[in-house]
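Structural features, examined
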Amino acid sequence: MSAPEIRVFNTMQQTKVPLSPITPGKLGIYVCGPTVYSFVHLGNARTFTSFDTIVRYLRFRGFEVRYVRNYTDVDDKIIKAAHDANEDPIALAARFIREFEADAQALHLLPPDVAPKVSETIPEIIAIIERLIDRGFAYASGGDVYFEVRRYPAYLKLSKKRLDDFVSGAGERELLLENKRDPLDFALWKAAKPGEPSWASPWGEGRPGWHIECSAMSAKYLGETFDLHGGGLDLIFPHHDNEIAQSEAASGKTLCNCWLHGGFLDLEGAKMSKSLGNVVRLRDALAQVDAEALRYFFLTTHYRQALSFSDKQLADAETRMEYFYETLKKVDERLEGKDFGPGPVHQDPGRFLRELDAAMADDFNFPGALGALAGLFNEMNQLTDKPPVKDKASVGRTLVALREVARQASRALGLFEDVPARWLSRRRDRQVTRYGIDPQQVEAAIAARHAARAEKTPEGFKAADQIRADLKAQRVEIMDTPQGTTWKVSAEPAS
Ligand code: AMP
Ligand code: ZN
């Protein structure tokens with residue numbers, strides 16, 4: 001069986017195109033990273049998780065992926081936040097880079113291969129700007145440098161907007177010229193203002209505009225033309241249109257072959273954003289819910305579609321993860337210490353992985369991949385709970401094969417990477433806290449139930465059943481297993 005062809009929706013062409021690496025077997029991907037003036041919120045986390053999953057899947061498919069995600073550590077918003085906090089802007093940005101790294105690790109995001117910062121890319125930024133001036137696409141004016149959009153006929157080719165619509169649609173205030181020749185020209189370099197971080201340049205002390213950093217960093221770490229460029233939908237215009245204008249005008253080459261844009265995470269019907277104030281910080285969410293449950297929640301919707309956040313959906317995702325881990329634990333226990341030797345297996349355990357692969361190859365269809373997982377785990381449960389009576393060895397071999405499929409799926413999606421018992425015990429701790437359960441009281445009730453059952457009298461059994469029912473009313477579910485009685489907390493109260 002050959003692997004399915006990977007097709008990707010390219011924002012530039014507005015259609016799915018075959019993924020065709022510049023160098024066979026290798027892929028370079030650039031993802032616009034966070035502006036580090038505050039803590040990341042779940043909207044940012046969704047976009048970064050989407051690209052993390054895409055990178056994992058492409059590596060799973062055998063590509064050698066070079067993943068670059070930058071830090072915007074020089075920016076108007078950072079300067080304003082630093083001013084408000086009476087802190088040095090570069091120091092404030094460095095602080096939030098550390099916070100971001102802690103959050104990214106807590107969310108199990110793969111560290112990018114390179115995570116460049118604007119403050120460490122100034123010479124490359126200046127070099128591109130000089131080239132743009134030399135080639136007649138940019139001009140210096142009053143210590144600033146602007147990109148002259150009307151000199152670049154392909155401007156806005158990504159967003160498909162039209163320059164003239166802007167002019168007629170813009171209010172007078174927006175069209176203020178400042179040092180520009182045309183109101184739509186955008187800044188590549190800004191003359192220093194007091195209290196702002198600045199660097200020496202051929203145009204005097206100053207700092208880069210927002211967009212030029214990504215042109216400089218992507219060229220530095222991936223080359224003038226690379227395979228994939230990603231970011232949230234809000235970056236298509238102006239950020240990515242401007243990146244394209246800068247890079248392509250400077251090099252005369254295509255910046256990147258395929259553009260991927262992630263949909264928004266919404267809260268109460270509006271895009272989660274710091275400016276609207278409707279944000280949930282990633283770290284606050286991770287204090288409540290497991291990181292893989294959050295990832296699962298993000299994967300329930302296609303990465304290009306909008307996703308609405310709700311506590312209920314997040315809690316449901318954690319319950320789903322609990323089901324996966326319980327299944328894996330059960331299968332591990334069933335298979336422990338057994339060797340079934342070679343021989344036939346049931347049905348075709350590999351079909352679930354092929355289903356997952358086909359979904360992901362089709363423009364990274366996350367919900368389709370989760371559908372394949374549903375089939376896989378259902379099959380594992382069937383075979384452990386109600387094994388066909390005949391041929392125990394072939395059932396065992398099938399479970400071994402299905403468990404291996406689950407491991408491969410884990411690698412492709414970044415789910416259930418933990419040890420089942422450890423994950424389940426952390427989940428129980430969270431539930432215990434959430435519902436105010438007293439574990440010692442539960443253990444005491446379980447011991448009392450044992451004692452009652454040991455009497456082996458009708459009264460004893462009745463008392464034992466009553467204890468079980470009482471616990472259930474407090475969401476505590478007890479399970480008698482060959483290893484003894486264990487308990488878990490149900491998300492739903494007993495009806
Ligand atoms: P920023 O730090 O604002 O530059 O954003 C970092 C990344 O998060 C960018 O790719 C944005 O497009 C993305 N982003 C911001 N808000 C949301 C949201 N509500 N949903 C999804 N992605 C978002
Ligand atoms: Zn960018």
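Residues numbered from 1 in each chain as written. Chains lettered and ligands numbered in written order. Predicted model: local features only at pLDDT ≥ 70, side-chain atom pairs only at ≥ 80, totals over all residues. Heavy atoms only, no water.

Take the coordination of the zinc ion (ligand 2) next. Bound to the zinc ion (ligand 2) are the protein donor atoms C32 (SG), C214 (SG), H239 (NE2) and E243 (OE), situated 2.0 to 2.5 Å from the metal. Metal-centred angles of 78 to 129 degrees between the 4 donor atoms at the zinc ion (ligand 2) mark the site as irregular. Considered as a linear motif, the donors of the zinc ion (ligand 2) on their single chain read C-x181-C-x24-H-x3-E. Remark: E243 occurs in helix 7 (residues 236-251) and C32 occurs in the loop between strand 3 (26-31) and helix 1 (42-60); sequence separation between them is 211 residues. Both residues of the pair, C32 and E243, belong to the buried class. (Donors = N, O, S within 2.8 Å, 3.2 Å for Na, K, Ca; no water. Tetrahedral: all angles 85-135°; square planar, octahedral: opposite > 155°, others 65-115°. Helix = DSSP H or I, 4+ residues; strand = E, 2+ residues; numbered from the N terminus. Buried < 20%, exposed > 50% of the residue type's maximum accessible area, 1.4 Å probe, protein only.)

So, about the packing of aromatic side chains. The full count for this structure, using the stated rule, is 24 aromatic pairs. Where Y155 meets F186, the ring centres are 6.1 Å apart and the plane angle is 25 degrees; that geometry is what we call stacked. Of this pair, Y155 sits in the loop between strand 6 (144-147) and helix 5 (163-169) while F186 sits in strand 7 (residues 186-191), and the two are 31 residues apart along the sequence. Taken individually, Y155 and F186 each receive the classification buried, so the pair is uniform in this respect. With centroids separated by 5.8 Å and ring planes inclined at 40 degrees, the aromatic side chains of F297 and F298 adopt a geometry described as tilted. (Phe/Tyr/Trp six-rings, centres within 6.5 Å; stacked < 30°, edge-to-face > 60°.)

Looking along the chain, the bond that leaves F237 and enters P238 is cis, with omega of 0 degrees. Secondary-structure assignment places P238 in helix 7. Backbone geometry at N86 places phi at a positive 55 degrees, although glycine is not the residue there. On the secondary structure map, N86 appears in the loop between helix 2 (76-85) and helix 3 (89-106).

Turning our eyes to something else, we now look at the site of ligand 1. Not every one of the 17 residues close to ligand 1 is listed here, only the nearest: T35, T47, D234, L265 and M272. With respect to ligand 1, the backbone of L265 contributes an N or O atom lying 2.7 Å from a nitrogen atom. For the shell around ligand 1, the secondary structure elements donating two or more residues are helix 1 and strand 9 (226-232). For the shell around ligand 1, the element with the most residues is helix 1, which contributes 4 residues. Here the residues of the shell around ligand 1 are counted per class, giving 6 nonpolar, 9 polar and 2 charged. (Near = heavy atom within 4 Å. Polar contact = N/O pair within 3.5 Å; in protein donor to acceptor, adjacent residues only side chain to side chain. Nonpolar A, V, L, I, M, F, W, Y, C, P; charged D, E, K, R; others polar.)

So, about the packing of helix 11 (residues 351-361) against helix 13 (residues 392-413). The interhelical angle for the contact between helix 11 and helix 13, taken along N-to-C directions, is 20 degrees, at an axis separation of 9 Å. The angle between helix 11 and helix 13 places the two elements in the roughly parallel class. When the axes of helix 11 and helix 13 are compared, the crossing they make is right-handed. Of helix 13, the residues touching helix 11 (which contributes F352, L353, L356 and M360) are L402, V405, Q408, A409, A412 and L413. Residues that form the contact of helix 11 with helix 13 fall into these classes: 9 nonpolar, 1 polar and no charged. (Axes fitted to C-alpha atoms, helices over the stretch in contact; angles between N-to-C directions. Parallel < 35°, antiparallel > 145°, perpendicular 65-115°, else oblique. Left-handed = near helix turned anticlockwise from the far one by under 90°. Contact = heavy atoms within 4.5 Å.)

The next subject is the domain arrangement of the protein. It is common to give the size of an interface as the accessible area lost on bringing the parts into contact. Considered domain by domain, the protein is made up of domain 1 (7-284), domain 2 (309-420) and domain 3 (437-489). The straight-line distance from the C-alpha centre of domain 1 to that of domain 3 is 58 Å. (Domains from an automatic or database assignment.)

This part is about the pattern of salt bridges. Close approach of charged atoms lets side chains of opposite charge pair. Within this structure, the stated rule accounts for 42 salt bridges. Salt-bridge contacts for D76 lead to K190; the nearest nitrogen and oxygen are separated by 3.3 Å. With D76 in helix 2 and K190 in strand 7, the pair connects residues that are 114 residues apart, well separated along the chain. With a relative accessible area of 40%, D76 lands in the partly exposed category. Given a relative accessible area of 25%, K190 falls into the partly exposed group. Across the pair R207 and D76 runs a salt bridge whose closest N-O atoms are separated by 2.7 Å. Separated by 131 residues along the polypeptide, R207 in strand 8 (residues 206-208) and D76 in helix 2 bring together distant segments of the chain. (Salt bridge = Lys/Arg side-chain N within 4 Å of Asp/Glu carboxyl O.)

So, about the nonpolar core. In terms of nonpolar packing, the biggest core is built from 90 residues, with L58, F364, L373 and F416 touching the most fellow members. Split by domain, the residues of this core number at least three in each of domain 1 (7-284) and domain 2 (309-420). Those residues in contact with L58 that sit more than four places away from it in its chain are I6, L19, L27, F63, V65, L228 and F364. If you look at the next biggest cluster of nonpolar residues, it comprises 42 residues, including V74, I125, C214 and I244. (Core = buried A, V, L, I, M, F, W, Y, C linked by side-chain atoms within 4.5 Å.)

So, on to the sheet that holds strand 8. In sheet architecture, strand pairing relies on hydrogen bonds along the backbone and comes in two forms, parallel and antiparallel. Reading across the sheet, the 4 strands line up as 5-6-7-8 and stay open at both edges, with antiparallel pairing between neighbours. Single-partner strands in this sheet number two, and they are strand 5 (138-141) and strand 8. Direction aside, the axes of adjacent strands within the sheet are offset by 20 degrees on average. Summarising the sheet, strand 5 and strand 6 pair through 4 bridges and their orientation is antiparallel. (Pairing = 2+ DSSP bridges.)

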